[in-house]
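So the chains spell out like this:
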Amino acid sequence: METPPFSALPLDRGHPPHSAWAVWGADDELGTLNHLTDAVVAAAAKDEIRTGARIGLNWTLQQMARPPPFRNVLEHRISPIEGGGMHDDTLHFNTQTSSQWDGFRHCGYENGLFYNGVSGEDILHKRTERIGIHGMSILIGIMCLRSFWLTSTAWCKQGIVGRGVLVDFASYAVRHKLDFNPLNRSIISLATVKQILEESKTVVRRGDILVVRFLRAYGQATAEELDRLMTAEPLEYPGVDNTKEFAEWLWDSGFAAVCTDSPGFEAMPPRGFFLHPVLLAGFGMPIGELFALDGLAAQCEKAGRATFFFTSEPLNVVGGVASPPNALAIF
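Just so we're clear, the structure is a prediction, and the values are computed from it rather than from any experiment.

**Student:** I'd like a rundown of the overall build of the chain, residues and numbers included.
**Tutor:** Counting secondary structure elements, the chain contains ten helices and 13 strands. For 331 residues, the compact-globule estimate of 2.2 N^0.38 gives 20 Å, and the chain sits close to it at 20 Å. Seen through its C-alpha atoms, the chain measures out along the principal axes to roughly 60 × 55 × 45 Å. For the chain, buried positions account for 51% of its 331 residues. Residue pairs in contact within the chain that sit at least 24 positions apart in sequence constitute 76% of those at least 6 positions apart.

Structure representation (structure tokens):
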């Protein structure tokens, strides 16, 4: 399906700025994941899986020992089962304190509305299951069945699966001897992202998953650095440039999702334009954060390419806000 250009958004003047509501229908819950058609995924697998090498893209759930004060670290309890020789375990964790997908319920517009007009009040009080994280795992069955029975076209999609594209700013910064601090509010411009893609001879395709690697993964920060970072007011961390031009490029390029190894995709705090609500609540574009990308970068260098087959299966939690990605890169 051809989508309107960014300049034509929103389709309705009553919708928030730059939003893509109703582009895929007023009841749509997938947003830009609609780009991941069977044909797009099949082409990605054919083009990118050559050697079978697999790289995990996930932190451990325990890795961030010092999250922001409004979030809790993982609690892991192992319990014996009566009779001996068996165990269960219980996990209690905030989905934002390790590698994660921000779902469409995570960040809305200032008017309290989320993707395709879902109300923040309805989300908070569990009055609806719409745009929950389960939609990225497998679209709710009744909608799939309704689509199949009434139109004979089932749009059931499972997982975030397709062609991954690495923008390895870390290696670029070393090659060009850039002075870049990855542990404060440092910015990667759109021009730099495009230059990195050009240097790697990578042509973006509709349905790609954009992966941006910074100079140093937060998983390698010292306890003292994490304590300083996570107690700062306001919180500051690096990211892509927080601009309308960047949003326009992401939309017009047809990216299905974006992710990075930073706590946020864009440089924070925002100063004027804010990508988070535009991507999540406007486009319906998942944002991945705190991904483990050093192994991916090494494999891309070994393979001599910046593309790979990307697969991720978020938790199937009905009405969930975010999820560990359970992500793999396959070469």
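After that view, the rundown keeps rolling.
**Student:** Give a description of the packing of helix H6 (residues 190-199) against helix H8 (residues 244-253) that names residues and reports values.
**Tutor:** At their nearest, the axes of H6 and H8 sit 10 Å apart, and the two run at 35° to each other. Between H6, through Leu190, Val193, Lys194 and Leu197, and H8, the contact on the second element is made entirely by Glu245, Phe246 and Trp249. Tallied by class, the residues present in the contact of H6 with H8 amount to five nonpolar, no polar and two charged.

**Student:** Tell me what's going on with the pairing of strand E5 (residues 160-168), and back it up with residues and numbers.
**Tutor:** With nine of nine residues buried, E5 is to be regarded as a mostly interior element. Note: E5 against strand E11 (residues 307-312), six bridges, orientation antiparallel. Residue pairing for E11: valine 165 is matched across the bridge by threonine 307. The pairing of E5 with strand E7 (residues 209-213) spans five bridges and is parallel. Counterpart to glycine 164 in the pairing with E7 is isoleucine 209.

**Student:** So, the pairing of E7: which residues are in play, and what are the values?
**Tutor:** Every regular strand shows the same layout, with side chains that alternate between the two sheet faces. A large share of E7 lies buried, amounting to five of its five residues. What you see with E7 is no split at all: Ile209, Val211 and Arg213 on one side and Leu210 and Val212 on the other are buried throughout. Here four bridges tie E7 to strand E9 (residues 257-260), and the two strands are oriented parallel to one another. By the bridge assignment, valine 212 is partnered in E9 with threonine 260.

**Student:** Kindly report on unusual backbone geometry, identifying the contributing residues and their values.
**Tutor:** Glycine aside, negative phi is the norm for most residues, and most peptide bonds take the trans geometry. In this structure, the amide linkage connecting leucine 9 to the following residue, proline 10, adopts the cis form with an omega of -5°. Looking at where proline 10 falls in the secondary structure, it is placed in the segment before helix H1 (38-48). With an omega dihedral of 0°, the bond running from methionine 268 to proline 269 counts as a cis peptide bond. On the secondary structure map, proline 269 appears in the loop between E9 and helix H9 (275-283). Positioned with a positive phi, lysine 201 is a non-glycine residue whose angle comes to about 55°. Mapped onto the elements, lysine 201 comes out in the loop between H6 and E7. Positive phi outside glycine occurs at asparagine 326, with the angle close to 50°. Within the fold, asparagine 326 resides in the loop between strand E12 (322-323) and strand E13 (327-330). Judged by relative accessible area, asparagine 326 falls into the partly exposed class, the value being 43%.

**Student:** Talk me through the sheet that holds E9; I want residue IDs and the actual numbers.
**Tutor:** One open sheet accounts for nine strands, arranged E1-E13-E11-E5-E7-E9-E10-E4-E12; its pairing is mixed. Every other strand in the sheet has two partners, leaving strand E1 (54-56) and E12 as the edge strands with one partner each. Direction of pairing for E11 relative to E13: antiparallel, over a ladder of four bridges. What sits directly across from serine 312, in E13, is alanine 327. Sheet contacts for H1: E5, E11 and E13; angle to E11, the most-contacted strand, approximately 130°.

**Student:** Tell me about the pattern of salt bridges, and name the residues and values.
**Tutor:** Tallying each qualifying case throughout the model produces eight salt bridges. Between aspartate 47 and arginine 205 there is a salt bridge, and its shortest N-O distance comes to 3.1 Å. Within this pair, whereas aspartate 47 is found in helix H1, its partner arginine 205 is found in the loop between H6 and E7, the two being separated by 158 residues in sequence. A relative accessible area of 30% places aspartate 47 in the partly exposed class. Where glutamate 48 meets arginine 163, a salt bridge forms, and the shortest distance between an N and an O atom there is 3.3 Å. Of the two residues, glutamate 48 is situated in helix H1 and arginine 163 in strand E5; the sequence distance between them amounts to 115 residues. Beyond isolated ion pairs, a larger network of salt bridges with shared partners links Glu48, Arg163, Asp208 and Arg305.

**Student:** Break down the nonpolar core for me, with residues and values.
**Tutor:** What tends to happen in soluble globular proteins is that the nonpolar side chains get buried as a cluster. With 71 residues, the main nonpolar core has Leu250, Phe265, Phe283, Leu296 and Phe310 as its most contacted residues. Considering every element that reaches this core, the biggest residue donor is H9, with six residues.

Reading the values: rules and limits
All residue numbers refer to position in the chain's written sequence, counted from 1. Given that this is a predicted model, residues contribute local features only at a pLDDT of at least 70 and side-chain atom pairs are listed and counted only at 80 or more, while totals for whole chains, interfaces and linings are drawn from all residues. As a convention, hydrogens and water are excluded, and side-chain values are obtained from all of the structure's heavy atoms. Secondary structure elements are taken from DSSP: a helix is a run of H or I of four residues or more, a strand is a run of E of two residues or more, and numbering for both begins at the N terminus. This radius of gyration counts C-alpha atoms alone. The globule rule is 2.2 Å times how many residues there are, raised to the power 0.38. Any residue under 20% of the maximum accessible area for its type is buried, any over 50% is exposed, and the rest in between are partly exposed; the area is computed with a 1.4 Å probe on protein chains only. The contact criterion used throughout is that any non-hydrogen atoms of two residues lie within 4.5 Å. Axes, fitted as lines to C-alpha atoms, cover a helix only where it is in contact. Angles between the N-to-C directions of the axes lie from 0 to 180 degrees. In the scheme used here, Gly and all other residues not listed as nonpolar or charged are polar, with Ala, Val, Leu, Ile, Met, Phe, Trp, Tyr, Cys and Pro taken as nonpolar and Asp, Glu, Lys and Arg as charged. Note on pairing: DSSP must find at least two bridges between two strands before they are called paired. One side-chain nitrogen of Lys or Arg within 4 Å of one carboxyl oxygen of Asp or Glu is enough to make a salt bridge. The definition of a nonpolar core used throughout is a set of buried Ala, Val, Leu, Ile, Met, Phe, Trp, Tyr and Cys residues joined through side-chain atoms within 4.5 Å.

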